[in-house]
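Residue-level structural notes
Letter by letter, the chains look like this.
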Amino acid sequence: MHSSAVSLKTEQRFREDFELKRELPENLRLLDRISGNFFWSWRREGVELFRELEPALWEKCEQSPRLLLKRIRPLRLWQKSLDADYVDRIGTFAAMMDEYLAPGPIVQGRISPSNPVAYFCAEFGVHNSLPNYSGGLGILAGDHLKSASDLNIPLVAIGLLYRYGYFRQKIAHDGWQEERYNDVFESELALTPVLDENGDRLTVTVMIRGREVLTQAWLAEVGRIKLYLLDTNVPENSEVDRYITGHLYGGDSETRIVQEKVLGLGGVRLLRKLRIDPSVYHLNEGHSAFLTLELAREILAGDESLTFTDAMARVREKCVFTTHTPVEAGNDVFSPDRLQSCFSAAFVESLRLTGEEFLSLGRTDPDDPDEWFGMTPLALRMARSANGVSAKHGEVSRALWHKMFPSETAVDEVPISHVTNGVHAPTWIAPTLKALYFRHIGPNWTSLLTDPAAWREAIERIPDAELWKVHTQLKHLLIAFIRQRTLAKETGLQNTINEHEDTRMLLDPDVLTIGFARRVAAYKRWNLIMTDLERLLKLVDDPARPVQFVFAGKAHPQDLTGKQLLQNLMSINHDSNWQKRAVFVEDYDQEVARYLVQGVDVWMNVPRRPLEASGTSGQKAAMNGGLNFSILDGWWIEGYNGVNGFSIGELNVGRDQEVIDLEDAESLYRVLEEQIVPAYYSTDEHRLPVEWIRRMKDALATLTTQFSSDRMVRDYVAQIYR
Ligand SMILES: *Cc1c(COP(=O)(O)O)cnc(C)c1O
């Protein structure tokens with residue numbers, strides 16, 4: 001007894017595969033295949049197939065189809081297998097999926113199936129059932145893959161599989177954030193092991209801390225795109241090495257370096273074993289920049305006469321780099337000692353560099369021996385193209401990295417361009433809004449997204465009342481979701497915005513609803529709306545035209561200031577309606593984000609300018625008819641036209657930060673009081689807020705096309721990859 005319990009436990013430590021070890025009834029068997037490709041997740045019919053199998057269990061399994069298929073009771077399975085209509089729809093969906101997957105990728109200049117783009121990123125947020133992301137960067141990478149798939153671009157993606165993913169957030173009774181990590185290996189991931197031609201697991205090795213660390217690869221299928229995830233949790237490795245791919249952004253700087261070695265060096269080695277010879281390597285953020293060193297090493301190993309500079313020139317031809325933040329904490333830097341201890345002398349020698357030359361590759365000033373090694377300078381040096389993620393961020397990045405370029409280079413000639421971020425419309429647009437488009441625009445409504453004028457015209461034709469009805473339904477759905485989430489929590493002794501004894505009165509579907517969900521980082525200014533609490537509560541308590549708030553977001557586990565800030569927000573406990581008109585939704589993730597961006601009236605964003613590189617959540621809200629209410633920073637500078645949302649503050653910078661904060665807070669309250677509240681609550685004789693709907697339509701018309709990830713990926717192909 002005892003020994004079998006132990007061996008069972010040991011078994012759980014590795015996953016040989018995630019095969020469904022269960023016989024499904026014959027006519028449901030296609031569900032296994034459908035769940036093996038994330039294509040289902042951005043098709044309304046695909047999500048429905050799994051949800052309706054057993055709705056309560058679907059939520060319990062956190063929308064993981066494979067976990068659902070494993071856990072569902074035989075009785076229910078057999079009931080559904082006898083539901084002819086359901087079985088039909090499985091067949092129809094599988095046929096649609098096959099049709100989608102059938103065409104081969106479209107050659108784009110030198111980008112072809114045998115020479116694709118290799119897209120490297122430290123995190124990928126494809127769907128919640130593959131919890132391999134922390135926030136915006138990962139979601140963006142997921143959306144990039146989905147659009148590359150829809151557009152049929154030859155692209156493969158490389159990342160890491162983190163056994164414990166990113167932390168899950170829980171708020172304690174006293175308002176303090178607590179973290180917990182789930183072992184994703186105990187779940188049923190839609191991954192298959194990558195095998196070689198003999199059917200053995202395909203592995204690559206990377207030298208780390210003097211040991212050859214073995215790395216296995218998993219394959220996730222994202223429509224037509226293959227996403228390979230490297231994982232060091234294999235039996236052959238030592239305990240320590242198995243944890244290299246343990247946590248996403250969890251470890252100390254040494255862990256970060258070795259993770260980034262696995263991603264960069266291991267990723268290139270994997271591509272070689274797969275016989276994929278990319279024409280372009282896309283370094284999506286600096287985490288993967290070590291891949292450039294591996295490419296140089298390969299070139300040098302093949303020709304004894306070359307120097308590192310020769311190799312670098314060839315590497316540069318193939319590499320492009322996207323920087324994602326001007327915030328310091330977002331740009332990895334490592335101390336020279338730490339870096340040197342993580343790269344063997346033999347590796348540095350294989351690059352034909354001295355130790356000092358090696359270190360200088362990561363410095364803005366190569367000759368400053370005290371400067372730490374930065375992944376962004378390394379990437380900027382080793383890539384032929386660099387870009388920021390909005391027009392403003394391009395400009396900010398040129399100024400930030402100007403110091404790396406020859407002194408005669410003017411700031412605006414620094415070779416850093418921009419491609420503004422976008423989001424994947426089929427993933428983020430609410431199914432019921434898609435259905436409205438289907439009815440009023442037609443089954444091919446998505447084809448209009450490339451034609452802004454035709455799209456605007458189509459949006460204008462939708463009757464106001466119908467659009468408003470869809471929006472109202474989505475708001476009801478959001479409120480029901482929030483009430484259930486809040487009720488499911490173990491409740492405390494008093495009502496806070498996080499815990500309620502009775503959630504029936506929480507939030508009101510007739511009240512103007514403002515969403516604010518983002519990481520709790522200093523520059524996001526979570527406390528800006530609390531600048532004048534009395535003025536805020538006056539808005540919330542207004543008897544005729546009240547305002548309510550939905551908050552969500554995680555603080556980094558080590559960020560005590562951020563956690564303090566959250567706790568303060570939780571504990572506002574005045575004699576007001578605040579407790580029932582403000583709520584904090586725990587554990588912000590892709591699923592929570594979907595409910596929020598689809599259901600709120602207003603999406604608020606108050607970053608300290610110019611630190612929001614782009615932001616994408618506001619784009620998701622806009623695609624659902626939400627009105628952005630934001631500082632003019634990142635993407636909003638490009639998106640805002642005076643009708644499709646609201647702006648906060650002025651464009652001026654360079655003054656005392658405290659003064660700017662006060663001015664921005666003043667502007668925030670004023671716009672709320674004088675523009676947003678009146679526009680929302682003024683209705684016509686049919687009780688329709690016509691002015692509001694006009695703005696919603698303008699947002700849908702102007703922002704859906706401009707900020708879709710299809711547009712973004714097309715821009716990457718045309719301006720960066722080719
Ligand atoms: C879209 C998204 C983000 C990024 O949003 P920002 O606008 O950059 O704050 C972060 N987390 C989740 C879960 C998202 O869906």
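Values in this document were obtained by computation on a predicted structure and should not be read as measured data. (Residues numbered from 1 in each chain as written. Predicted model: local features only at pLDDT ≥ 70, side-chain atom pairs only at ≥ 80, totals over all residues. Heavy atoms only, no water.)

Moving on: the overall build of the protein chain. Scanning the protein chain from terminus to terminus reveals 30 helices and 20 strands. Against the compact-globule benchmark of 27 Å for 722 residues, the protein chain has a radius of gyration of 26 Å, which places it among compact chains. Summarising its shape, the C-alpha atoms of the protein chain cover approximately 80 × 70 × 55 Å along the three principal directions. Burial analysis of the protein chain (722 residues in total) assigns 59% to the buried set. Within the protein chain, contacts between residues separated by at least 24 positions form 74% of all contacts whose residues are at least 6 apart in sequence. A total accessible area of about 28900 Å² is found for the protein chain, and carbon and sulfur atoms account for 52% of it. (Helix = DSSP H or I, 4+ residues; strand = E, 2+ residues; numbered from the N terminus. Rg over C-alpha atoms; globule rule 2.2 N^0.38 Å. Buried < 20%, exposed > 50% of the residue type's maximum accessible area, 1.4 Å probe, protein only. Contact = heavy atoms within 4.5 Å. Areas by Shrake-Rupley, 256 points an atom, 1.4 Å probe, with all protein chains shown as cover.)

We now examine the site of the ligand. The environment of the ligand is made up of 14 residues, and the closest members are Arg 518, Ala 593, Thr 616, Ser 617 and Lys 620. In the model, an oxygen atom of the ligand is placed 2.6 Å from a nitrogen or oxygen of the Lys 620 side chain. Summarising the interface, the protein chains cover 91% of the accessible area of the ligand, which totals 390 Å² for the free molecule. The set of elements that each furnish at least two residues to the shell around the ligand consists of helix H8 (136-150), helix H25 (590-599) and helix H26 (617-622). Class assignment of the residues belonging to the shell around the ligand gives a composition of four nonpolar, six polar and four charged. (Near = heavy atom within 4 Å. Polar contact = N/O pair within 3.5 Å; in protein donor to acceptor, adjacent residues only side chain to side chain. Nonpolar A, V, L, I, M, F, W, Y, C, P; charged D, E, K, R; others polar.)

Looking at where Ala 679 falls in the secondary structure, it is placed in helix H28 (residues 657-681). Assessed through its relative accessible area of 8%, Ala 679 is described here as buried. Separated by twelve residues in sequence, Ala 679 and Glu 691 place their C-alpha atoms 6.2 Å apart.

It is worth spelling out the packing of aromatic side chains at this point. Taken as a whole and assessed by the stated rule, the structure comprises 37 aromatic pairs. Ring geometry for Tyr 119 versus Phe 124: centroids 6.1 Å apart, planes at 55°, classification tilted. Across the pair, Phe 124 and Tyr 119 agree in class, each one buried. With a centroid separation of 6.2 Å and an interplanar angle of 45°, the aromatic rings of Phe 549 and Trp 578 are classed as tilted. On the criterion of sequence distance, the pair formed by Phe 549 in strand E16 (residues 547-552) and Trp 578 in helix H24 (residues 578-581) is long-range, its members being 29 residues apart. There is no split in this pair, since Phe 549 and Trp 578 are both buried. The structure contains a cluster of three or more aromatic residues connected by ring pairs, namely Phe 516, Trp 526, Phe 549, Phe 551, Trp 578 and Phe 584. A cation over an aromatic ring shows up here: Arg 594 above the ring of Trp 428, its NZ or CZ 5.7 Å from the ring centre. (Phe/Tyr/Trp six-rings, centres within 6.5 Å; stacked < 30°, edge-to-face > 60°. Lys NZ or Arg CZ within 6 Å of the ring centre and 35° of its normal.)

Next up on the list: the nonpolar core. Phe 124, Tyr 281, Phe 290 and Tyr 721 are the most contacted members of the largest nonpolar core, which has 137 residues in total. Looking at which element gives the most residues to this core, the answer is helix H10 (residues 253-273), with eight residues. Inspection of this core shows a minimum of three residues originating in each of domain 1 (8-101) and domain 2 (298-422 + 710-722). Not counting residues up to four positions away in its chain, the partners in contact with Tyr 281 are Ala 118, Phe 120, Val 268, Leu 271, Arg 272, Leu 291, Leu 295, Lys 318, Cys 319 and Val 320. Ranked by size, the runner-up nonpolar core spans 98 residues in total, among them Tyr 588, Val 592, Met 623 and Trp 692. (Core = buried A, V, L, I, M, F, W, Y, C linked by side-chain atoms within 4.5 Å. Domains from an automatic or database assignment.)

Positionally, Arg 256 belongs in helix H10. Overall, Arg 256 belongs to the buried group, its relative accessible area being 16%. Among residues more than four places away in sequence, those in contact with Arg 256 are Tyr 249, His 287, Asp 332 and Phe 334.

Attention shifts here to unusual backbone geometry. Cis rather than trans, the peptide bond between Arg 609 and Pro 610 has omega equal to 0°. You can see Pro 610 is positioned in the loop between strand E18 (602-605) and H26. The phi torsion at Arg 275 lies on the positive side, around 60°, for a residue other than glycine. Considering the arrangement of structural elements, one finds Arg 275 in the loop between H10 and strand E9 (280-284). The exposure class assigned to Arg 275 is exposed, which follows from its relative accessible area of 67%. Of note in this structure, Arg 352 is not a glycine but carries a positive phi near 55°. Secondary-structure assignment places Arg 352 in the loop between helix H14 (345-350) and helix H15 (355-360).

In this section: the domain arrangement of the protein chain. Accessible area lost upon the coming together of the parts is a frequently used measure of interface size. Taken domain by domain, the protein chain comprises domain 1 (8-101), domain 2 (298-422 + 710-722) and domain 3 (425-706). For domain 2 and domain 3, the distance between their C-alpha centres works out to 37 Å. At the junction of the two partners, domain 2 supplies 15 residues and domain 3 supplies 15 residues. Buried area between domain 2 and domain 3, both sides added, is near 1000 Å², and the carbon and sulfur share of it is 62%. Summed over the shared surface of domain 2 and domain 3, the number is zero salt bridges. Applying the counting rule to domain 2 against domain 3 returns five residue pairs in polar contact (both at pLDDT 80 or more). When residues of the side of domain 2 that touches domain 3 are traced back to their parent elements, those giving at least two are helix H17 (391-400) and helix H30 (709-721). Tallying contributions element by element places H17 first for the side of domain 2 that touches domain 3, with four residues. (Buried area = accessible area lost by both parts, 1.4 Å probe. Salt bridge = Lys/Arg side-chain N within 4 Å of Asp/Glu carboxyl O.)

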